[in-house]
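Observations on the three-dimensional arrangement
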There are 4 protein chains.
Amino acid sequence: MDMAVEARDLVRGAAHEEVPGVTVSHSEEAGVHVTVVTVESEEGARLMGKPRGRYLTLDVPAFRDRPDEVKPSLIAVLSRKLRTLFPQAVDRTVLVVGLGNRQATPDAVGPRTVERLLVTRHLQGWVDSDLSRRMRPVAAIAPGVLGTTGVETLDIVRGLVTQIAPDLVVAIDALAARNLRRLLASVQIADTGIHPGGGVGNHRQGLTAETVGVPVVAVGVCTVVQATSIVGDALELLAQAEGAPWQEAAHRWSEAGRRRAWDAVLAPIFGTLMVTPKEVDQLVDTMADVLAESLNRSLQPQLRREEWT
Amino acid sequence: MDMAVEARDLVRGAAHEEVPGVTVSHSEEAGVHVTVVTVESEEGARLMGKPRGRYLTLDVPAFRDRPDEVKPSLIAVLSRKLRTLFPQAVDRTVLVVGLGNRQATPDAVGPRTVERLLVTRHLQGWVDSDLSRRMRPVAAIAPGVLGTTGVETLDIVRGLVTQIAPDLVVAIDALAARNLRRLLASVQIADTGIHPGGGVGNHRQGLTAETVGVPVVAVGVCTVVQATSIVGDALELLAQAEGAPWQEAAHRWSEAGRRRAWDAVLAPIFGTLMVTPKEVDQLVDTMADVLAESLNRSLQPQLRREEWT
Amino acid sequence: MDMAVEARDLVRGAAHEEVPGVTVSHSEEAGVHVTVVTVESEEGARLMGKPRGRYLTLDVPAFRDRPDEVKPSLIAVLSRKLRTLFPQAVDRTVLVVGLGNRQATPDAVGPRTVERLLVTRHLQGWVDSDLSRRMRPVAAIAPGVLGTTGVETLDIVRGLVTQIAPDLVVAIDALAARNLRRLLASVQIADTGIHPGGGVGNHRQGLTAETVGVPVVAVGVCTVVQATSIVGDALELLAQAEGAPWQEAAHRWSEAGRRRAWDAVLAPIFGTLMVTPKEVDQLVDTMADVLAESLNRSLQPQLRREEWT
Amino acid sequence: MDMAVEARDLVRGAAHEEVPGVTVSHSEEAGVHVTVVTVESEEGARLMGKPRGRYLTLDVPAFRDRPDEVKPSLIAVLSRKLRTLFPQAVDRTVLVVGLGNRQATPDAVGPRTVERLLVTRHLQGWVDSDLSRRMRPVAAIAPGVLGTTGVETLDIVRGLVTQIAPDLVVAIDALAARNLRRLLASVQIADTGIHPGGGVGNHRQGLTAETVGVPVVAVGVCTVVQATSIVGDALELLAQAEGAPWQEAAHRWSEAGRRRAWDAVLAPIFGTLMVTPKEVDQLVDTMADVLAESLNRSLQPQLRREEWT
C-alpha cells in the first residue's frame, strides 16, 4: 500500500490543479495534522490509481525525534478516527491481520502490533456475562509473507474468514513513502482495504471487500522510503540551491522527464535499497505500541482501560 | 501431544505385562535409540488412550549435554524415518504447521522450525523446469496459539487446507514428557496426527485426518517436564535409597495410589510449573535446526543440499 | 545470591527459635509484604552465612498471575525503599550493573533492566545547566557471564570502577529461591552487595564494597526455583496429607536428615534443572520494567517523569 | 571507522594520481577481491587522514545476493588474513571487543559476532593439559554504546585491559561505506585499530595501541551507506546518462565542489538516515557467522574444528 495523499500530490503535479472527483480536507487535532482524501468518482479513482473511498493520513513529524512525547496525542487522534470505521455494536467480530515479515524490522510493524493486541474472541463464555456483553470478539493473526509461507496472504486470510466469519477485517501494514518527512511519522487509514503492489513487502494480491468477502479497513505506517525517492528529493533541493550549475539544468528539465531518467538509470542499482533512520528498531516498536493501543481503545469502547491490560 | 512410549509404560505398569493390541520394537541406528509402538487394534487404542497407528520415538540422551556433537546422527535417522511417511511423488504438496507460542521458549520449537524451513510452493513457475520438476511444493505456517489469536489452531489450519489443498499436513509441536531423561533428548513421530489435551500448549482440539481432511503426520520434541512428574521421579529414587524411612513407606503404597495422592495434593500448587534445563533457549534453537534440516532432506529427496541453502 | 529471608527460615528450623544477632520485622505497604532481616552481629552473620547488613524482601504473590495489575504498587514501594539506599546528593555517580546472561531467559532480568534504564552520565555538558544540576550521572553495563566473556564479572566491574569512579554500584541479578511462592513474586534488596555462589548464574566471586572498592547495593528477583527444592516442598505437602504412608515416615525423619538424603540422591539428577512458570519470558520482561522504572524514580528524585521517557 | 580503500580513492580524485607515501596492491583469492592499502609515510598518513599501517579490504559483491553460497570462500580468505596479524604463540591472550549497539540491526554486527565466538580464557585449568596447551585464551565483550552505557567504549575497554592484560585487542565494528557496492559485501582489516569519528555508531574516541595500551586489530563490515552518499552516486550515474541536461552541468562542476554543495544542502536533511538492503537483519546475522568462524579459526590454529563447536 502506498499513500493516497502522495498519489494525489503526484497527480496534481507542478500546476497544483485539483484532481477531478477527488476532495481533500485538512485539520489539526492535538498537534496531529490530519488530511482526508476522498476519491468520489470513477474518474478520480482512475486518475489516482486508487479505488473510491476515504483515505486519512495522520502526520506527526515530531514522532521520529521524540516518539515518547507525541505518542499520547497520536493514540488519542488515531483511536478516535478508527472508531468511526468500526461497527458500533460490540457483538460484531473483528479480525486484525498483521501483514509483513516479523524478521525484517521495517516490515515488522504489523506482526508486532498483533503481538500487543487485546485478543478476546476465545474468551466468550469464560468471562462473566456483564463483561462478555461489553467485550467485542477480536481475533488476530500475523500470517507471514509469501517468501516464508509459500502461500499468498490473501489465501490465508480468506481461509480464516471462511472459518470464523468476522464482520470486518483490519489489515496492518508497513508502507513505503515517497516523502522523507513521512518516514516513521505518518499513519494512513483507508476504508478501501489494501491494494496489490504497494507496501514494503509488495503483496501480489490485495485484501479488499471484493477479495476477502467482508469489508477491510487498512492501517499503514511508513517505515521506509525507497532509495530512488530520496535521490529525487535531493535533486529538488540542489536545484533550489543558489548558484549551483544544477539549478539551470533543473529548470530546463521537466519533473516528469527527470523522474523517467532516474527510474531508467537508478532503479536497477537502488531498486531494493531502503532508507531508514538509524533508530528504526525502536521506532517500529513504539509505532506498534501506538497502533495496538489505538486499536484496543477503538475496538473495545465499552471496556475500561484497567480491564484490558 | 504426550508420548506413546510413555503411555505404554504407564499402562503396562509395575507388572511389565504386554498391552494387548500393542506391539513394540526397539533398534539402534547411529547412536539413536528408536522405539516403534504400534497400536494395532481398537482394544489397544482404548487401553493406551491413543488411536491406532505407528508412533516412533527417537531417543538421544546425549543431546542435552552435547547437542552439536549428536546433531548430525539425529538428523540422519530422523530424515530417514520421516521420508517413509511422506508421499514419494514430489509433485504432492505438503503443508508444515509449526504449533505453539513463539514468545514462550519451551513452546517455540514449532514456530522456530518453520522459520528455518525450505518453503517452495510459491516458486513453481519462477524456477527453471528441471528444478521445478524435482522440487516438492512445501508451504508452512506458524499460526500462533489460542491465547494470542483468539482462534482455535484447528480452524486456522482447516481454513488454509481448504484454500491450498495440500496432500499432507506435518504438525510440529512441543511435548511435555513424564520422564526427565526425555527432556530435550527425544523426538516422536506419529502417523496419527495430534490429539487434544496433550502438549505444552494444551490444544483443545486435535489435528487429525478426520478433523483436517488430509492425513496428518505429527513431529514432537519434549521441551518440558511437568513439575508434578519430577516429584514422582524423585520419590522413586528416594524409595530406592538405602535405609531411608521412605523406602518402607514406598513398598507399602502402590504406584497408582501414589500417583493419585500426588495429583490431589500437588497439582493445585505445581500445576502450571515446568521443569527445563537452564540452557533451554539454546537447546530449543538447536532442536529447531535439527527438525528443519531433517524435514528439508525428507521432503526434498531430489534436491542437492546446495540447492536449498 | 540467594535470599536472606529464606536463609533465616532454614537456620531457625522447625523449632522457630530466633537466630541470635538477627532481627526481623514485617510490614505491609500498598499490598506488598515487606520483610526486613537485619544481620547485626558477627555471630548472626556466621549462623546465616551472610554478612552483616540489611536485607529487604518485597513479596507480591499476585505478580505471577496478574503482573500488570500489581506492577504500580510494586514500583511505588520498591522505589521508596531504594531511595533510602542511594546517595541523596544527585551529583553522586551511580553505576548499575545488570548481571546474568541475556540469552537465557530466567537469567536475563539484569541485562533487560539495564536496557530500559535512564542512562545520563554522558549527557553532562550536553543538556542545559538547570537540567544538568537536577540529573544524577548514571552509567550502566550488562557485562555478560563468565561463559560468554571468559572474564570474571568482578574483573569487568572493577576495571570500569577504576575508570569512572562511581560513588555507588547497584547490581541487578536473578535469584534462585527455595520456596515456590517467591518464584517471580519477590524482589530482594541488600546493602551488602552480592556474595559468591548464589544466584541463577552462580558467580564465582562476589561484588561487595571490599572487592569492588565502593559500596554495592544488590537488587535481586527470584526467576527460578531449583528442581531439588520443589521435591522438598512436595514431600512436606505429602507428609501433611491425611492417611498417606509417607506421613509416618516423615515424622520419623528430621528435616535436616531429609535434606541430606535428597541432596545425595537427587542433586546428581536434578542438579541443573530449573522450575519456572510457563509464562517466564513475559514475566521476566515485566519484572525488568518494574526494576528499571523503580531505579529511574529513585536514582533521579529531582526529574519529572516526562523528563525521562 | 570508514574505509581506507575509499579514502584513497577520494584523495586520488579524478586525476587518478598516486598518493605519495601510499602503496596499493590487488589480488584475487577464491573469488574474493583483496586490496591492500599501505600507508607508509607521515605524508601519506596526513593526506589520507589515516595513520600509518596496513588496511586490507576483502570485497565479495555476491554476498548481498547469495550470502550462503559465498560464505565459505570469504571465511577461508578472511581467516588466512587474520592469522598473519595474530600472535603465533597460542599462549598469548586475545581480547575481542564487539563494538556497536545490539538493538540497532545495522550496528549489531560486533555484538552478534561476539555471541558466536569461542571464548576460552576461563577454561584454562578446567580442560586437560594437552588441550590447554593448544588452546589460546580468548576473552570477549560487547560493551554497548555511549548512549546505552553512559561510558565511552574506550574507558570500558581500558578498564578491562588493566584487569586481564591481553596481548592483543581485536575490535569488531560496523562501517559506513561511501560506495553502494561495498554495502554488506566488504570486510576491512586494519592493524592500526579504530580511529575516532568513523563507523555507524560514531565513536568519539578511538581504540588504538596508544589509547588502549596494547596493539589493536580492527575488523569492520560495511552495513550501511549514508543517505548523502547515494545521492552523490546517483548524480554521477545521471551525469553519465546520454543526453541528460545534468551531464553538461556535471562537467562544469568539480567533484569537490559538488560534494561541498551536497554536504551544505543535503546533510541537514539526510544526516542521520541510512541506506540498507531490505534483508539487512539476515545479512548482518550471516556476516556475524562469517566473522566469528574466521576469528575462531585464526585465533585457534591448533584446535580441530570439532573441538570448538
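Computed from a predicted structure; not experimentally measured. (Residues numbered from 1 in each chain as written. Chains lettered and ligands numbered in written order. Predicted model: local features only at pLDDT ≥ 70, side-chain atom pairs only at ≥ 80, totals over all residues. Heavy atoms only, no water.)

Let us now look at the overall build of chain A. A count of helical and extended segments in chain A gives 12 helices and 9 strands. The contacts in chain A between residues at least 6 apart in sequence include a share of 74% that link residues at least 24 apart. When the accessible area of chain A is evaluated, it comes to approximately 11900 Å², of which 48% is carbon and sulfur surface. (Helix = DSSP H or I, 4+ residues; strand = E, 2+ residues; numbered from the N terminus. Contact = heavy atoms within 4.5 Å. Areas by Shrake-Rupley, 256 points an atom, 1.4 Å probe, with all protein chains shown as cover.)

A few words now on the relation of the copies chain B and chain A. Least-squares fitting of chain B to chain A yields an RMSD of 0.0 Å, with the superposition described by an axial translation of 0.0 Å and a rotation of 180°. Such a combination of turn and shift is consistent with a two-fold rotation axis. Minimal C-alpha distance to the rotation axis in chain B is attained by Gly159 of chain B, lying at 1.9 Å. Taken together, the interface assignments show that 100% of the residues at the interface of chain B recur at the interface of chain A, consistent with an identical surface on both copies. (Least-squares fit on C-alpha atoms with pLDDT ≥ 70 in both.)

Further remarks concern the pairing of strand β6 (residues 168–177) of chain A. Residue and element names in this part refer to chain A. For β6, the buried fraction is high: 10 of the 10 residues fall into the buried class. Going residue by residue along β6, you find Leu168, Val170, Ile172, Ala174 and Ala176 tucked away on one face and Val169, Ala171, Asp173, Leu175 and Ala177 tucked away on the opposite face as well. With 5 bridges joining them, strand β4 (residues 94–98) and β6 adopt parallel strand pairing. Paired with Val94 across the bridge in β6 is Leu168. (Buried < 20%, exposed > 50% of the residue type's maximum accessible area, 1.4 Å probe, protein only. Pairing = 2+ DSSP bridges.)

Now for unusual backbone geometry. Backbone geometry places Ala30 of chain B, a non-glycine residue, at a positive phi of 50°. Counting through the fold element by element, Ala30 of chain B comes out in the loop between β1 (22–29) and β2 (32–39). Its relative accessible area of 54% is what places Ala30 of chain B among the exposed residues. If you check the backbone angles, Ala165 of chain D has positive phi at about 45° while not being a glycine. Secondary-structure assignment places Ala165 of chain D in the loop between α7 (153–164) and β6 (168–177). Its relative accessible area of 54% is what places Ala165 of chain D among the exposed residues.

Residues and elements named next belong to chain D. Within the fold, Asp59 resides in strand β3 (residues 53–59). In this structure Asp59 touches Gly31, Val32, His33, Thr35, Arg181, Arg182, Ala185 and Ser186, once residues within four positions along its chain are discounted. Polar contacts involving the side chain of Asp59 include one to the side chain of Arg182, which spans 3.1 Å. (Polar contact = N/O pair within 3.5 Å; in protein donor to acceptor, adjacent residues only side chain to side chain.)

Enumeration over the complete set of coordinates arrives at 60 salt bridges over all chains. A salt bridge links Glu6 of chain A to Arg182 of chain A, with the nearest nitrogen and oxygen atoms 3.4 Å apart. Taken as a pair, Glu6 of chain A in helix α1 (residues 4–12) and Arg182 of chain A in the loop between β6 and β7 (186–190) lie far apart in primary sequence, 176 residues in all. Taken as a pair, Glu6 of chain A and Arg182 of chain A share a single burial class, namely buried. Between Arg116 of chain B and Asp289 of chain B there is a salt bridge; the shortest N-O distance is 2.6 Å. (Salt bridge = Lys/Arg side-chain N within 4 Å of Asp/Glu carboxyl O.)

So, on to helix α7 (residues 153–164) of chain C. Residues and elements named next belong to chain C. For α7, spanning 12 residues, the distance from its first C-alpha to its last is 17 Å, which sits close to the expected 16 Å at 1.5 Å a residue. Buried residues dominate α7, accounting for 9 of its 12 residues. Listing the buried residues of α7 in full gives Thr153, Leu154, Asp155, Ile156, Val157, Gly159, Leu160, Val161 and Ile164. Of the residues one or two after α7, Ala165 is the one with positive phi, at around 50°. (Expected span 1.5 Å × (residues − 1).)

What follows deals with the interface of chain B and chain A. With 27 residues of chain B at the contact, the number on the chain A side is 27 residues. Taken together, the two surfaces of chain B and chain A that pack against each other cover about 2100 Å², and 53% of this comes from carbon and sulfur. Ranking the residues of chain B by area buried against chain A places His122, Gly150 and Gln163 of chain B at the top, with a combined share of 23%. Taken together, the connections running from chain B to chain A amount to 0 salt bridges. Where chain B meets chain A, there are 6 residue pairs in polar contact (both at pLDDT 80 or more). Where the side of chain B that touches chain A is concerned, the elements lending two or more residues are β5 (138–141), α6 (146–149) and α7 (153–164) of chain B. (Buried area = accessible area lost by both parts, 1.4 Å probe.)

This part is about the pairing of strand β8 (residues 216–226) of chain B. All names here are of chain B. In terms of burial, β8 is largely enclosed, as 10 of its 11 residues are buried. Two elements, strand β6 (residues 168–177) and β8, share 9 bridges in a ladder whose sense is parallel. Counterpart to Ala176 in the pairing with β8 is Val224. Two strands pair when backbone bridges link them, and strand β7 (residues 186–190) and β8 are joined in this way by 4 bridges, in the antiparallel orientation.

Once that is clear, we can look at the environment of Ile156 of chain C. Take Ile156 of chain C: it is sitting in helix α7. Sequence spacing of Ile156 of chain C and Pro143 of chain C is 13 residues, and the spatial spacing of their C-alpha atoms is 7.0 Å. Apart from the residues lying within four places of it in its own chain, the contact partners of Ile156 of chain C are Pro143, Thr149 and Val151 of chain C together with Ile141 and Leu160 of chain D.

Right, let's get into the environment of Val169 of chain A. All names here are of chain A. Positionally, Val169 belongs in strand β6. Sequence separation between Val169 and Leu95 is 74 residues, and the spatial gap between their C-alpha atoms is 4.8 Å. The contacts of Val169, once residues within four sequence positions are left out, are Leu95, Val97, Val161, Val212, Val214, Pro215, Val216 and Val217.

With that out of the way, let us pick up the nonpolar core. Grouped together as the largest cluster of nonpolar side chains are 90 residues, with contacts concentrated most on Leu95, Leu207, Val212 and Ile230 of chain B together with Leu207, Val212 and Ile230 of chain C. Ile156 of chain C together with Val37, Ala177 and Ala234 of chain D belong to the second-largest nonpolar core, a separate cluster that totals 89 residues. (Core = buried A, V, L, I, M, F, W, Y, C linked by side-chain atoms within 4.5 Å.)

We now examine the confidence of the model for chain A. Keep in mind that low pLDDT regions are not for reading the predicted coordinates in detail. Averaged over all residues, the pLDDT of chain A equals 86, while 82% of them reach at least 70. Prediction confidence for the complex, expressed as pTM and ipTM, is 0.86 and 0.87 respectively. (pLDDT = per-residue confidence, 0-100.)

The subject of this paragraph is the packing of α7 of chain C against α7 of chain D. Two elements in contact, α7 of chain C and α7 of chain D, have axes whose closest approach is 8 Å; the angle formed by their N-to-C orientations is 120°. Judged by the inter-axis angle, α7 of chain C sits oblique to α7 of chain D. α7 of chain C and α7 of chain D meet at a crossing whose hand is right-handed. The segment α7 of chain C lies against α7 of chain D, with Asp155, Ile156, Arg158, Gly159, Leu160, Thr162 and Gln163 of chain C engaging Asp155, Ile156, Arg158, Gly159, Leu160, Thr162 and Gln163 of chain D. (Axes fitted to C-alpha atoms, helices over the stretch in contact; angles between N-to-C directions. Parallel < 35°, antiparallel > 145°, perpendicular 65-115°, else oblique. Left-handed = near helix turned anticlockwise from the far one by under 90°.)

All names here are of chain A. Relative to each other, helix α3 (residues 67–83) and helix α12 (residues 280–299) sit at 35°, their axes nearing to 8 Å. Where α3 crosses over α12, the two elements pack in a sense that is right-handed. When α3 is examined against α12, the residues Pro67, Asp68, Lys71, Leu74, Ile75, Ala76, Leu78, Ser79, Leu82 and Arg83 are found in contact with a partner set consisting of Gln282, Leu283, Thr286, Met287, Asp289, Val290, Leu291, Glu293, Ser294, Leu295, Arg297 and Ser298.

This brings us to the side chain of Thr149 of chain C. Relative to the helices and strands, Thr149 of chain C is located in helix α6 (residues 146–149). Within polar-contact distance, the side chain of Thr149 of chain C engages the backbone oxygen of Val151 of chain C at 3.0 Å.

This brings us to helix α12 (residues 280–299) of chain B. Note that an α-helix has 3.6 residues per turn; residues three or four places apart therefore point the same way. Between its first and last C-alpha, α12 of chain B extends 28 Å over 20 residues, near the 28 Å set by a 1.5 Å rise per residue. Counting buried residues along α12 of chain B, 16 of its 20 residues qualify, which places the element largely inside the surrounding structure.

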